[in-house]
Amino acid sequence: NLQWPLREEAIVHSAQGEAELRGTRPYDFVVRAQVDGPNIPSFDGVANGTLDNESISIAEYELLGLNGRATGTGTLEFDQPRRWTLTAEARDLDVGEVFADFPGRVGFRANASGEGLDTKATFDLAVAELRGMLRDQPLRGSGHVARAKDRWDLRSVHVALGSARLDLDAKLANTIDAKWNFSTRSLD
């Protein structure tokens, strides 16, 4: 019955699992567990990497859930501002289990980095490839999203769902500065 962060409201929770630490600090570790959280669905996972007083480095992880699979790497510094990095490649995720209005299966390749793990976190996310089927329509996409304080930057966002296409570059803060193009044969 573990959670992260240890002393604050849980972002990730694990009801059961097993862990192995080897060597002297920094420790090599392997963790196998079921994980979930208030904002994430349940996954079975395995991760390995190194752990020391200041940070954790995940050399490789694999998560099985939503009837699909996600793999990647990551880092997290324990002290504020809690800098982190994440790479992810997902295949065949059933997003209809989370978003009932959008049944289908998707995959993606993405890299992210940031500071903080709460609603005030800053981050930079690059989605190199989004693909799949939603509502029986082919889905394709890519783009870059960054957040710093109350400002959002969306750059080179390209999404196609069936015959609908969206291209977007925007800065969202107290004002909105956006260039976009949306086209579709039907709004159905």
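What counts as what
Residues numbered from 1 in each chain as written. Predicted model: local features only at pLDDT ≥ 70, side-chain atom pairs only at ≥ 80, totals over all residues. Heavy atoms only, no water. Helix = DSSP H or I, 4+ residues; strand = E, 2+ residues; numbered from the N terminus. Buried < 20%, exposed > 50% of the residue type's maximum accessible area, 1.4 Å probe, protein only. Contact = heavy atoms within 4.5 Å. Areas by Shrake-Rupley, 256 points an atom, 1.4 Å probe, with all protein chains shown as cover. Phe/Tyr/Trp six-rings, centres within 6.5 Å; stacked < 30°, edge-to-face > 60°. Core = buried A, V, L, I, M, F, W, Y, C linked by side-chain atoms within 4.5 Å. Salt bridge = Lys/Arg side-chain N within 4 Å of Asp/Glu carboxyl O. 1 Å grid on protein atoms, 1.4 Å probe; cavity = no way out; pocket = protein on both sides within 12 Å on 5 of 7 lines; lining within 4 Å. Points joined across faces, edges and corners; volume = space filled by probe spheres on them. Nonpolar A, V, L, I, M, F, W, Y, C, P; charged D, E, K, R; others polar.

**A word on the overall build of the protein chain**
- A tally of helices and strands in the protein chain yields 0 helices and 14 strands.
- The helix and strand sequence of the protein chain, counted from the amino end, reads β-β-β-β-β-β-β-β-β-β-β-β-β-β.
- Here the protein chain holds 188 residues, and the buried ones make up 28% of them.
- Sequence-distant contacts, at least 24 apart, represent 27% of the contacts inside the protein chain between residues at least 6 apart.
- With the model as given, the accessible surface of the protein chain reaches about 12,500 Å², and the carbon-plus-sulfur share is 53%.

**Some thoughts on the packing of aromatic side chains**
- Tallying each qualifying case throughout the model produces 1 aromatic pair.
- For the pair Phe123 and Trp152, a centre-to-centre distance of 5.7 Å together with 75° between the ring planes defines the contact as edge-to-face. Residue Phe123 is located in strand E10 (residues 122–134), and its partner Trp152 is located in strand E12 (residues 151–161); the two are separated by 29 residues in the primary sequence.

**Side note on the nonpolar core**
- Residues Ala33, Val35, Phe43, Leu66, Ala70, Ala90, Leu93, Val95, Val106, Leu134 and Leu139 constitute the largest nonpolar core, which totals 11 residues.
- Elements with a contribution of two residues or more to this core: strand E4 (27–37) and strand E8 (83–94).
- The residues contacting Ala90, other than those within four sequence positions of it, are Arg69, Ala70, Gly107, Phe108 and Arg131.

**Focus: the pattern of salt bridges**
- This model, assessed by the stated rule, comprises 11 salt bridges.
- The shortest N-O distance in the salt bridge between Glu115 and Arg83 comes to 3.1 Å. In this pair, Glu115 is assigned in strand E9 (residues 104–115) and Arg83 in strand E8, connecting sequence segments 32 residues apart.
- A salt bridge links Asp94 to Arg105, with the shortest nitrogen-to-oxygen separation between them at 3.7 Å. Of the two residues, Asp94 sits in strand E8 while Arg105 sits in strand E9, which places them 11 residues apart along the sequence.
- Under the relative-accessibility criterion, Asp94 is labelled buried at 17%.
- Linked by salt bridges that have partners in common, Glu77, Arg83 and Glu115 make up one network.

**Concerning unusual backbone geometry**
- Following Arg25, the chain continues to Pro26 via a peptide bond in cis, the omega torsion being 0°.
- Checked against the element boundaries, Pro26 lands in the loop between strand E3 (17–22) and E4.
- Note the cis peptide between Gln80 and Pro81, where omega equals 15°.
- Tracing the backbone shows Pro81 in the loop between strand E7 (68–77) and E8.
- Even without being glycine, Asn67 reaches a positive phi, approximately 60°.
- Summarising the element assignment, Asn67 is placed in the loop between strand E6 (55–65) and E7.
- On the basis of relative accessibility, which here comes to 52%, the residue Asn67 falls in the exposed class.
- Despite not being glycine, Ser156 shows a phi value in the positive range, around 50°.

**Brief notes about the layout of surface pockets**
- Approximately 300 Å³ is the volume attributed to the second largest pocket.
- Phe102, Arg135, Gln137, Leu161, Gly162, Ser163, Ala164, Phe182, Thr184, Ser186, Leu187 and Asp188 are the residues that line the second largest pocket.
- Broken down by class, the residue content of the lining of the second largest pocket amounts to 5 nonpolar, 5 polar and 2 charged.

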